[in-house]
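# A structural walkthrough
Next come the chains, spelled out residue by residue.
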Amino acid sequence: MSSKGTAPPSAAADPPRRTGRRQQRIAAAVLLTPFTALLVAVFLIPVGYAVYLSFFSEDHEGLGFGGGRTVFTGLRSYLSVLEDPSFLSGFGTIALYCLIFVPLVVISALALGLLLDSGLVRLRRTAQMLLYLPHAVPGIIAAVIWLYLYTPGLSPVIKLFARADITVDFLGLHTVLPSIVNIALWSGLGYNMVIFYAALQALPREVIEAATIDGAGGIRTALQVKVPIIRGSVVMVCMFSLIGALQLFTEPMLMNQATPMVNSRFTPNMYIYDAAFRRNNYGLASAASVILLIVTCVLSYAVTRWSGRRERRA
């Protein structure tokens, strides 16, 4: 027998479901609020302000001794940046830097991570700490240290080579970029190695044991079993290294004081600094910043899409 006031089971269960979904949404909103606030405060607002500034410039009347006034120039600053050979040559320098630095840091860090994970290295904790220690040194301090080692007349390394009748110019035309790569590699190698080592430690030991039982040696296991499984970490390190390379500033900025081979617009970031703080052209600097941001986003998206396609094919 059924009573008239009894509600169907689905209707009775519906209010608790709605309550649960509402609680999940509230919890998600609470957790996302700090991130959203920081994103808006330190990224979206500065980017929006840079875009706004890029459409204006300071116009000085007469011989430039009078007070300036802000005028709307539209896309003129963007055209000036894109037509400036020094800005384009800065991207050429960054492209060459990426071709050298990104493969070196990824392959070296991955090799060290695999070596530590293999168990062949004794005192792994100590080795991991020593490799990570250079990353704890502030970038400007690391650049000063290496600049001292690169400077003729001061460097003990150059003096040591001179005793063996070997002449080395670390700040020459063809060696200054590899010298900058060396500083960045010294600073970032240990950090990326820790990322790979942590990913390798999370691998299921059963998979490694199965590969060993099947007769795979240490190198084959590393290249054909471990590396494909941590492909996501490899892509992440590649993307972060690429973004960091596009932001290259500290090392060449210091070397600009020591060698004429590094000019004030050696990289896009140095071009932006020169436009803003030496030429006082904030519209030009903002336009260059927006262009650099667009290039960075496009390259990051391309790396992510390429990785996604490789994973789907695999």
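The structure displayed is predicted, hence computed values, not measured ones.

Thresholds applied
- The residue numbering used here restarts from 1 in each chain and proceeds along that chain's sequence as written.
- Note on the predicted model: pLDDT of at least 70 is required for a residue's local features to be given, and 80 or more for side-chain atom pairs to be given and counted; whole-chain, interface and lining totals, by contrast, use all residues.
- Side-chain calculation: all heavy atoms of the structure are included, whereas hydrogens and water are not.
- What counts as a helix is a DSSP run of H or I of at least four residues, what counts as a strand is a run of E of at least two, and both are numbered from the N terminus.
- Both definitions apply: the radius of gyration is a C-alpha atom measure, and the globule rule equals 2.2 Å times residues to the power 0.38.
- Only protein chains enter the accessibility calculation, which uses a 1.4 Å probe. A residue is then buried if its area is under 20% of the maximum for its type, exposed if over 50%, and partly exposed in between.
- The contact definition used throughout considers only heavy atoms, calling two residues in contact when any of these lie within 4.5 Å.
- Per-residue and other accessible areas were derived by the Shrake-Rupley procedure at a 1.4 Å probe size, with only the shown protein chains allowed to occlude residues.
- Note on charges: Lys and Arg go in the positive column, Asp and Glu in the negative column, and His and the chain ends are not counted at all.
- Throughout, a charge is located at the NZ atom of Lys, the CZ atom of Arg, the CG atom of Asp or the CD atom of Glu.
- Distance thresholds for patches are 9 Å for like charges and 5 Å for nonpolar side chains (Val, Leu, Ile, Met, Phe, Trp, Tyr), applied to residues having over 30% relative accessible area and no salt bridge.
- Any Lys or Arg side-chain nitrogen located within 4 Å of an Asp or Glu carboxyl oxygen qualifies as a salt bridge.
- Here, expected helix span is obtained from the residue count minus one, scaled by 1.5 Å.
- Two axes enter the bend calculation: one fitted to the seven residues ending at the residue in question, the other to the seven starting there, and the bend is the angle between them.
- Only buried residues count toward a nonpolar core. Its members are Ala, Val, Leu, Ile, Met, Phe, Trp, Tyr and Cys residues joined through side-chain atoms within 4.5 Å.
- Side-chain rings of Phe, Tyr and Trp, where Trp is taken by its six-membered ring, are said to pair if the distance between their centres is within 6.5 Å; with planes under 30 degrees apart they count as stacked, over 60 as edge-to-face, and otherwise as tilted.
- The rule for a charge over a ring is simple: NZ of Lys or CZ of Arg within 6 Å of the ring centre, and within 35 degrees of the ring normal.
- In the analysis that follows, any N or O atom pair within 3.5 Å is treated as a polar contact, provided that within protein one partner can donate a hydrogen and the other can accept it, and provided that, for residues neighboring in sequence, both atoms belong to side chains.

### With respect to the overall build of the chain
The helix and strand inventory of the chain stands at 13 helices and 2 strands. Relative to the globule expectation of 20 Å for 314 residues, the C-alpha radius of gyration of the chain, 27 Å, shows a markedly less compact shape. Its C-alpha atoms put the chain at 100 × 65 × 35 Å along the principal axes. The buried share among the 314 residues of the chain stands at 35%. By sequence separation, contacts in the chain at least 24 residues apart represent 63% of the contacts at least 6 residues apart. As presented, the chain carries roughly 19600 Å² of accessible surface, and 66% of it is formed by carbon and sulfur atoms. Of the charged side chains in the chain, 25 are positive and 15 negative, and the gap between their average positions amounts to 13 Å.

### What to know about a positive patch on the surface
Together, Arg17, Arg21, Arg22 and Arg25 make up a region of like positive charge exposed at the surface. With respect to the helices and strands, Arg22 occurs in helix α1 (residues 9–54). For Arg22, a relative accessible area of 48% gives the class partly exposed.

### Here's the deal with helix α7 (residues 176–201)
Taking 1.5 Å of rise per residue, 26 residues should cover 38 Å, and α7 covers 38 Å from first to last C-alpha, within 8% of that figure. The largest bend in α7 comes to about 40°, at Gly188. Within α7, 19 of the 26 residues are buried, leaving the element largely enclosed by the surrounding structure.

### Here's the deal with the pattern of salt bridges
Scanning the model with the defined rule gives 6 salt bridges in all. Note that Arg265 is salt-bridged to Asp274, the shortest N-O span being 3.2 Å. A relative accessible area of 5% means that Asp274 is categorised as buried. Between Arg278 and Asp274 there is a salt bridge, and its shortest N-O distance comes to 3.8 Å.

### Let's talk about the nonpolar core
Residues Tyr97, Phe101, Val106, Phe196, Ile230 and Met255 are the most contacted members of the largest nonpolar core, which totals 51 residues. Among the elements of the structure, α3 (85–118), α5 (139–150), α7, α8 (205–213), α9 (218–229), α10 (231–246) and α11 (250–255) are those that each provide at least two residues to this core. Apart from the residues lying within four places of it in its own chain, the contact partners of Phe196 are Val106, Ala109, Leu110, Ile230, Ser233, Val234 and Val237. Core analysis: the second largest hydrophobic core is formed by 16 residues, Ala50, Val81, Phe91 and Ala285 among them.

### Side note on the packing of aromatic side chains
How two aromatic rings sit relative to each other is given by the distance of their centres and the angle of their planes. This model, assessed by the stated rule, comprises 13 aromatic pairs. With centroids separated by 6.0 Å and ring planes inclined at 75°, the aromatic side chains of Trp146 and Trp186 adopt a geometry described as edge-to-face. With Trp146 in helix α5 and Trp186 in helix α7, the pair connects residues that are 40 residues apart, well separated along the chain. An aromatic cluster of three or more residues is present, and its members are Tyr49, Tyr52, Phe55, Phe56, Phe72 and Tyr78. Looking at Arg279, its charged tip hangs above the ring of Tyr271, at a distance of 5.2 Å from the centre.

### Quick look at unusual backbone geometry
For Asp165, which is not a glycine, the phi torsion comes out positive at approximately 60°. With respect to the element layout, Asp165 can be found in the loop between α6 (156–163) and α7.

### Considering the side chain of Ser300
Relative to the assigned elements, Ser300 resides in helix α13 (residues 282–313). Using a relative accessible area of 12% as the deciding quantity, one classes Ser300 as buried. Here Ser300 is in contact with Met239 and Ile243, once residues within four sequence places are set aside.

### So, the side chain of Asn269
You can see Asn269 is positioned in helix α12 (residues 268–277). Of note is the side chain of Asn269, whose polar atom sits 2.9 Å from the backbone oxygen of Gln247. Residues within four places of Asn269 in sequence aside, it is in contact with Leu246, Gln247, Leu248, Phe249 and Leu292.

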